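If you want the building blocks of each chain, they are given just below.
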Amino acid sequence: RKHSVKTPITVIPTGTSRPQLYNRSLIRQELGIPPEHRVLLYVGRLAQEKNLETLLQMAKEAFNLDPRLRLWMVGDGPYREVCAELIRVLGIGDRVHLVGAVPHAEVGRYYAAADLFVFASVSETQGLVIQEAMTFGLPAIAVSGGGAGAGIQDGENGFLVKNDPLDFAQRVVNVLDNDSLYAKLSERAKQTG
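Here we summarise the structure given alongside this text. (Residues numbered from 1 in each chain as written. Predicted model: local features only at pLDDT ≥ 70, side-chain atom pairs only at ≥ 80, totals over all residues. Heavy atoms only, no water.)

### A look at the sheet that holds strand β4 (residues 116–119)
Inference 1: Read across the sheet, 6 strands follow the order β3-β2-β1-β4-β5-β6 without closing on themselves; strand pairing throughout is parallel. Looking along the sheet, the strands with just one partner apiece sit at the ends: β3 (96–100) and β6 (158–161). Across the sheet, the mean angle from the axis of one strand to that of its neighbour is 20°, orientation sign disregarded.
Inference 2: Pairing analysis gives 4 bridges linking strand β2 (residues 69–74) to β3, with the strands arranged parallel. Bridging from a neighbouring strand, L71 pairs with V96 of β3. (Pairing = 2+ DSSP bridges. Helix = DSSP H or I, 4+ residues; strand = E, 2+ residues; numbered from the N terminus. Axes fitted to C-alpha atoms, helices over the stretch in contact; angles between N-to-C directions.)

Okay, structure coming up:
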């Protein structure tokens with residue numbers, strides 16, 4: 001419309017395929033994740049426009065609220081060294097795992113092993129990784145802005161939060177500490193993913 005298009009416009013979301021079934025306990029064991037750890041998962045390029053500073057600052061706040069939390073970041077990119085330095089400066093290197101690039105066929109293992117999907121980008125147009133995560137029953141908590149949160153039904157399959165690390169962290173911990181809310185979000189994520 002901004003470009004004077006007058007014909008009817010229909011938004012067609014990108015489809016996601018049904019996930020391969022994984023034995024969650026076995027995958028977690030293979031990845032070296034202790035049963036007591038709760039894994040926050042980010043999947044995507046490590047790039048400045050992904051708002052990774054907010055994601056990592058959120059992780060520090062969340063770790064202070066719940067020491068069982070860990071952040072796994074699957075992906076690589078030009079911002080990897082900046083992320084590694086920020087992780088060092090924040091003092092959270094023992095709880096953040098920069099997994100690196102993973103073949104697309106292997107990414108499902110990480111979704112299956114995680115407890116919650118976290119996403120901070122405010123510049124995405126679709127946020128396909130959010131939909132992929134939901135197919136595994138992972139509720140998503142994402143910073144609102146851009147198109148990434150379009151698939152999140154606030155309070156139904158995840159939550160949208162302000163671009164504020166503390167607000168983000170509190171929502172993460174609240175979801176993981178409320179078993180009935182988590183179960184509802186997870187079930188709804190599977191239905192909408």
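### Observations regarding the packing of aromatic side chains
Inference 1: What the rule picks out here adds up to 6 aromatic pairs.
Inference 2: Between Y111 and F136, the aromatic rings sit 5.3 Å apart at their centres with planes inclined by 25°, giving stacked as the arrangement. Taken as a pair, Y111 in helix α4 (residues 104–113) and F136 in the loop between α5 (128–135) and β5 (140–143) lie far apart in primary sequence, 25 residues in all.
Inference 3: Take Y111: its relative accessible area is 2%, and that puts it in the buried class.
Inference 4: Consider the rings of F117 and F119, whose centres lie 6.1 Å apart with planes at 20°: the pair is stacked. Summarising the burial analysis for this pair, F117 and F119 share the class buried.
Inference 5: Taken together, the aromatic side chains of Y22, Y42, Y111, F117, F119 and F136 make up a single cluster linked through ring pairs.
Inference 6: Above the face of the F159 ring, R171 is positioned so that its terminal group lies 3.9 Å from the ring centre. (Phe/Tyr/Trp six-rings, centres within 6.5 Å; stacked < 30°, edge-to-face > 60°. Buried < 20%, exposed > 50% of the residue type's maximum accessible area, 1.4 Å probe, protein only. Lys NZ or Arg CZ within 6 Å of the ring centre and 35° of its normal.)

### What about the pattern of salt bridges?
For side chains bearing opposite charge, pairing can occur when the charged atoms are close.
Inference 1: Scanning the model with the defined rule gives 14 salt bridges in all.
Inference 2: Between R68 and D177 there is a salt bridge whose closest N-O contact spans 3.9 Å. Of this pair, R68 sits in the loop between α2 (52–65) and β2 while D177 sits in helix α6 (residues 165–177), and the two are 109 residues apart along the sequence.
Inference 3: Close ionic contact of E85 with R88 constitutes a salt bridge, the shortest N to O distance being 2.6 Å. In this pair, E85 and R88 are both assigned in helix α3 (residues 80–90), 3 residues apart and thus about one turn of the helix distant.
Inference 4: The exposure class assigned to E85 is partly exposed, which follows from its relative accessible area of 38%.
Inference 5: Using a relative accessible area of 55% as the deciding quantity, one classes R88 as exposed.
Inference 6: When salt bridges with common partners are traced through the structure, they connect R38, D66, R68 and D177 into a single cluster. (Salt bridge = Lys/Arg side-chain N within 4 Å of Asp/Glu carboxyl O.)

### Regarding α2
Inference 1: The end-to-end C-alpha separation of α2 is 20 Å, in line with the 20 Å expected for 14 residues at 1.5 Å each.
Inference 2: Within α2, the full set of buried residues consists of L52, T54, L55, L56, M58, A59, A62 and F63. (Expected span 1.5 Å × (residues − 1).)

Such coordinate-based values are descriptive only and should not be taken to indicate function.
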